[in-house]
Structures are given as structure tokens and as C-alpha cells.
Amino acid sequence: SDLVCRMMENQSVTLTSVHSLYAANGFGLLNFKNRKNRGDIRSLPQFHAFKAIGALLKDNDTLYAPTLKGPVVNRKLAGLDQSVTFSDAGVYVFGDAQNPKQILAINRTDKALTLSYAGRQLAPKWMYGSDDPLPDYLKEKAYFWVDAPDVIPQPQTVDGKAKTSIDLPPWTMLVADING
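Residues numbered from 1 in each chain as written. Predicted model: local features only at pLDDT ≥ 70, side-chain atom pairs only at ≥ 80, totals over all residues. Heavy atoms only, no water.

A. Structural detail: the overall build of the chain. Scanning the chain from N- to C-terminus turns up two helices and eleven strands. In the chain, the order of α-helices and β-strands from amino to carboxyl end is α-β-β-α-β-β-β-β-β-β-β-β-β. Per-residue burial over the chain gives 34% buried out of 180 residues. Long-range pairs, those at least 24 residues apart, make up 64% of the contacts in the chain between residues at least 6 apart in sequence. Element-wise, carbon and sulfur atoms account for 53% of the exposed surface of the chain, whose accessible area totals about 11100 Å². (Helix = DSSP H or I, 4+ residues; strand = E, 2+ residues; numbered from the N terminus. Buried < 20%, exposed > 50% of the residue type's maximum accessible area, 1.4 Å probe, protein only. Contact = heavy atoms within 4.5 Å. Areas by Shrake-Rupley, 256 points an atom, 1.4 Å probe, with all protein chains shown as cover.)

B. Geometry of the pattern of salt bridges. Tallied over the full model, the rule gives five salt bridges. Between Lys-101 and Asp-96 there is a salt bridge whose closest N-O contact spans 2.9 Å. (Salt bridge = Lys/Arg side-chain N within 4 Å of Asp/Glu carboxyl O.)

C. Examining the pairing of strand S2 (residues 37–43) more closely. Examined bridge by bridge, strand S1 (residues 30–34) and S2 share four bridges and lie antiparallel to one another. Each residue of the ladder has a partner; that of Phe-32, found in S2, is Ile-41. Between S1 and S2, which follow one another and run antiparallel, lie two residues. (Pairing = 2+ DSSP bridges.)

D. Highlighting the packing of aromatic side chains. The full count for this structure, using the stated rule, is one aromatic pair. Each ring, one from Trp-126 and one from Tyr-128, has its centre 6.2 Å from the other, and the planes form 15°; the classification is stacked. Of the two residues, Trp-126 and Tyr-128, both sit in the buried class. (Phe/Tyr/Trp six-rings, centres within 6.5 Å; stacked < 30°, edge-to-face > 60°.)

E. Looking closely at the environment of Leu-44. Structurally, Leu-44 can be placed in the loop between S2 and helix H2 (45–59). Between the C-alpha atoms of Leu-44 and Gln-154, which are 110 residues apart in sequence, the distance is 8.9 Å.

F. Structural context of the environment of Asp-59. Along the chain, the position of Asp-59 falls in helix H2. Looking at Asp-59, the relative accessible area reads 48%, which means it is partly exposed.

G. Layout of unusual backbone geometry. In this structure, Trp-171 takes a positive phi of about 55° despite not being glycine. Take Trp-171: it is sitting in the loop between strand S10 (165–168) and strand S11 (172–179). On the basis of relative accessible area, Trp-171 is assigned to the partly exposed category, the value being 34%.

H. Here's a closer look at the environment of Tyr-117. Along the polypeptide, Tyr-117 turns up in the loop between strand S8 (113–116) and strand S9 (121–129). Expressed as a C-alpha distance, the spacing of Tyr-117 and Ile-166, which sit 49 residues apart in the sequence, is 9.8 Å. Apart from residues no more than four positions distant in its own chain, Tyr-117 is found in contact with Val-93, Pro-100, Ile-103, Leu-122, Thr-164 and Ile-178.

I. The nonpolar core, seen in detail. Membership of the largest hydrophobic core comes to 17 residues, with the highest contact counts inside it found for Leu-104 and Met-173. Among the secondary structure elements, those contributing two or more residues to this core are helix H1 (2–10), H2, strand S6 (89–95), strand S7 (100–107), S9 and S11. The leading source of residues in this core is H2, at five residues. Apart from the residues within four sequence positions on either side, Met-173 is in contact with Ser-1, Ala-49, Ala-52, Ile-53, Leu-104, Ala-105, Ile-106, Trp-126, Met-127 and Tyr-128. Counting residues in hydrophobic clusters, the runner-up holds 14 residues, among them Leu-113, Leu-115, Leu-174 and Ala-176. (Core = buried A, V, L, I, M, F, W, Y, C linked by side-chain atoms within 4.5 Å.)

Pasting the structure below:
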């Protein structure tokens, strides 16, 4: 999801696709409950993230480039005389030509981050993830390795109340409306 947003932000990528529709490794979109029951399809975590991005793209036609304030990491690329700089969060603002309307934030770290938008309030709509970057669905299974996990995390329930800042838990993705 972060990569798709970075492609849009770049403005050079005009087409992208996901090649692992069904994937037993947990990183695709869908999987069968088990090899023998291919009629029972399970949505994997990436499915939920892409569904949220799809809704943002359907409802908005403009991507704004926010100015981020907060920790920045600068790393030297192995084998190259170049550095790459990135922030602890991926933050993407969507709206129309007149106004920003929604924000997508992805916490890429193992610590909580605080999200705010100067002069505005944020009302959380949707959140996915947890402070465990390798939940049970990615751990070794007691059954055949290509079968879907028994428990797959679902998007979290959020209160939807507008506030000046939102705590973004570790390893989570959040969509919020921008008010004000």
C-alpha cells in the first residue's frame, strides 16, 4: 500500500498491478481456506489495505504532498555512493482540486507516532495493523503451508470522532477524514 502511494506521489508511474492475487505466503490478496476447499476464499491483510486505497482513489482525484515534521532516517545504500532518506511514516493526503479531504498514514516503526494536520481536525475512519509485525497468520502453521491461516486480522473499529491529533500504533495503517 505504501509503495502504491509512493508511485502516485512520484507522478512517473502510470500503471501498476499486483501479481500475487492468490498467495500462500501471506503477502498476496487472497488465499483458499485449504487446498481441498477452493470455494472458500479468505481475504489476506494486503486485500484490506488495497481496498482502503481503492476507496480513497474512488472518492478523490487529487494527491497532495504534505510536509512532514518528525523523525527522518538517512541510510547509505549498500554498494552505492548514495543515501536514501525516509520518514517513520508514510503520509498521503487525498482530496479534490479545492481541498484536502482524507489522509492515509502508515506507521513503519515499532513505536507509536502522533498524526496531526495543522489547523484541522482528523476523524479516523479505518485502521489496520497492530504492534505485532508478525501476527499468527505469518507464523509457521501446524497444517499444510499453502493453506490460509485460521485467524486473519480484520480492520479495527475506530471511534470516528474528530480530534486535533491521532495516536498511530506501531505497524498500522490509518485512513481519516480531514475536517475544518
